[in-house]
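Remarks on the overall topology
Now for the letters of each chain:
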Amino acid sequence: MKLRKEIIYLLLINLLSLPAYSQQWFDGSLVLSNGNVRVGRISIECDHDLVLFEQEAVRTVYPAHKIQSVYFYDYTTNVNSRYQSLRKSEGVGSRFYLYEVVLAGEIDVLRRKKSSAFPKHTAPTDYNYFIHHNNVLVPLRKFKRKIFPYIQSSSDKWLKEFITAKRLNIQLPANAIRIIEYYNSVVKDLNPIAKNSKI
């Protein structure tokens, strides 16, 4: 445990000492675990689940457990990006990880870069995808078994008609995301699901 703390400490020192040009920085905001909001320049270190924050030339490193969410605008891709910090159980303990929000709504779709992926020029297949609903995190590959029965039972006939019309295969990840996206858009208008519903 002591060795792990020392490694993390050395990592933080190295990150703080890196020049700004060696990192990708964005203008954005950071919501801390205590609810405080900080606005400044942000750089995400997903491999280590850290957020580098810079304000008035002062840099601070925030580990995932100190964060609720991160928002920033990427000028190069013209995309608003959002990251969320979530606790994941690991054996007898747990740890916080940063997840990129791909789709937000009644049911969120999140992703994390695979450890085998190259740091730059990543493709959609270089990520592991997850579904987040009611504080439960489920791998996207379990959509058919864990999530689909729930959304099907709460959607009357309109979801089935959409799947049939678009000829979607619920076992394919890309199709599962399209189904969740459509479900979220309809639920946002109809709001038929109680907030305390569970999968």
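Scroll up a little and you will see the structure.
Residues numbered from 1 in each chain as written. Predicted model: local features only at pLDDT ≥ 70, side-chain atom pairs only at ≥ 80, totals over all residues. Heavy atoms only, no water.

1. What to know about the side chain of Ser-69
- As for its placement among the helices and strands, Ser-69 is situated in strand S5 (residues 67-74).
- When residues no more than four places from it in sequence are discounted, the contact partners of Ser-69 are Ser-29, Leu-30, Val-31, Tyr-83 and Gln-84. (Helix = DSSP H or I, 4+ residues; strand = E, 2+ residues; numbered from the N terminus. Contact = heavy atoms within 4.5 Å.)

2. Comments concerning the packing of aromatic side chains
- For the coordinates displayed, the defined rule picks out 10 aromatic pairs.
- For the ring pair Phe-53 and Tyr-62, a centre distance of 6.4 Å and an interplane angle of 70° mean the geometry is edge-to-face.
- The class for Phe-53 is buried, based on a relative accessible area of 0%.
- Taking the centre distance of 5.9 Å and the plane angle of 25° together, the rings of Trp-158 and Tyr-183 count as stacked. (Phe/Tyr/Trp six-rings, centres within 6.5 Å; stacked < 30°, edge-to-face > 60°. Buried < 20%, exposed > 50% of the residue type's maximum accessible area, 1.4 Å probe, protein only.)

3. Things to note about the sheet that holds S5
- Within the open sheet, the 10 strands sit side by side as S4-S3-S2-S1-S5-S6-S7-S8-S9-S10. Their pairing is antiparallel. On the outer flanks of this sheet lie strand S4 (58-63) and strand S10 (136-139), each paired with one strand and no other. The mean angle between the axes of side-by-side strands here comes to 40°, regardless of whether they run parallel or antiparallel.
- Pairing between strand S6 (residues 79-90) and strand S7 (residues 93-103): eight bridges, direction antiparallel. Looking at S7, one finds that Glu-90 is bridged to Gly-93. (Pairing = 2+ DSSP bridges. Axes fitted to C-alpha atoms, helices over the stretch in contact; angles between N-to-C directions.)

4. Overview of the nonpolar core
- Phe-143, Ile-151, Leu-159, Ile-163, Ile-179 and Tyr-183 are the most contacted members of the largest nonpolar core, which has 26 residues in total.
- Mapped by element, the contributors of at least two residues to this core are strand S9 (127-133), helix H2 (143-153), helix H3 (158-166) and helix H4 (173-190).
- Here the element with the most residues in this core is H4; it accounts for seven residues.
- Ignoring sequence-local partners within four residues, the contact set of Leu-159 consists of Phe-148, Ile-151, Gln-152, Ile-179, Tyr-182 and Tyr-183.
- Grouped together as the second largest cluster of nonpolar side chains are 14 residues, Ile-42, Val-70, Tyr-83 and Leu-98 included. (Core = buried A, V, L, I, M, F, W, Y, C linked by side-chain atoms within 4.5 Å.)

5. Concerning H3
- Looking at H3, one finds that the buried residues are Trp-158, Leu-159, Phe-162 and Ile-163. The arc that holds the buried residues of H3, viewed along the axis, is 135°, so those residues lie on one side. More than 90 degrees from the buried face of H3, the exposed residues found are Lys-160, Glu-161, Thr-164 and Ala-165.
- Buried positions along H3 lie against H2 and H4. (Arc of directions from axis to C-beta.)

6. Regarding the pattern of salt bridges
- Under the defined criterion, the tally for this structure stands at five salt bridges.
- Residue Arg-112 is joined to Asp-49 by a salt bridge in which the shortest nitrogen-to-oxygen separation is 2.6 Å. Placement of the pair is Arg-112 in strand S8 (residues 108-113) and Asp-49 in the loop between strand S2 (37-45) and strand S3 (50-55), with a sequence separation of 63 residues. Of the two residues examined, Arg-112 and Asp-49, each falls in the buried class.
- Residue Arg-59 pairs with Glu-54 through a salt bridge whose shortest N-O separation is 3.1 Å.
- It is possible to trace a salt-bridge network through shared partners that takes in Arg-41, Glu-54 and Arg-59. (Salt bridge = Lys/Arg side-chain N within 4 Å of Asp/Glu carboxyl O.)

7. Notes on the environment of Glu-100
- Relative to the helices and strands, Glu-100 resides in strand S7.
- Note: C-alpha distance between Glu-100 and Ser-81 (19 residues apart in sequence) is 7.6 Å.
- Apart from the residues within four sequence positions on either side, Glu-100 is in contact with Arg-82, Tyr-83, Val-109, Leu-110, Arg-111 and Tyr-127.

8. So, the packing of H3 against H4
- Running from N to C, H3 and H4 cross one another at 145°; their axes reach a closest spacing of 11 Å. Considering how the two elements wind past one another, H3 and H4 form a crossing that is right-handed. Taking contact as the criterion, the partners of Trp-158, Leu-159, Phe-162, Ile-163 and Lys-166 in H3 are, on H4, Arg-178, Ile-179, Tyr-182, Tyr-183, Val-186, Val-187 and Leu-190. (Left-handed = near helix turned anticlockwise from the far one by under 90°.)

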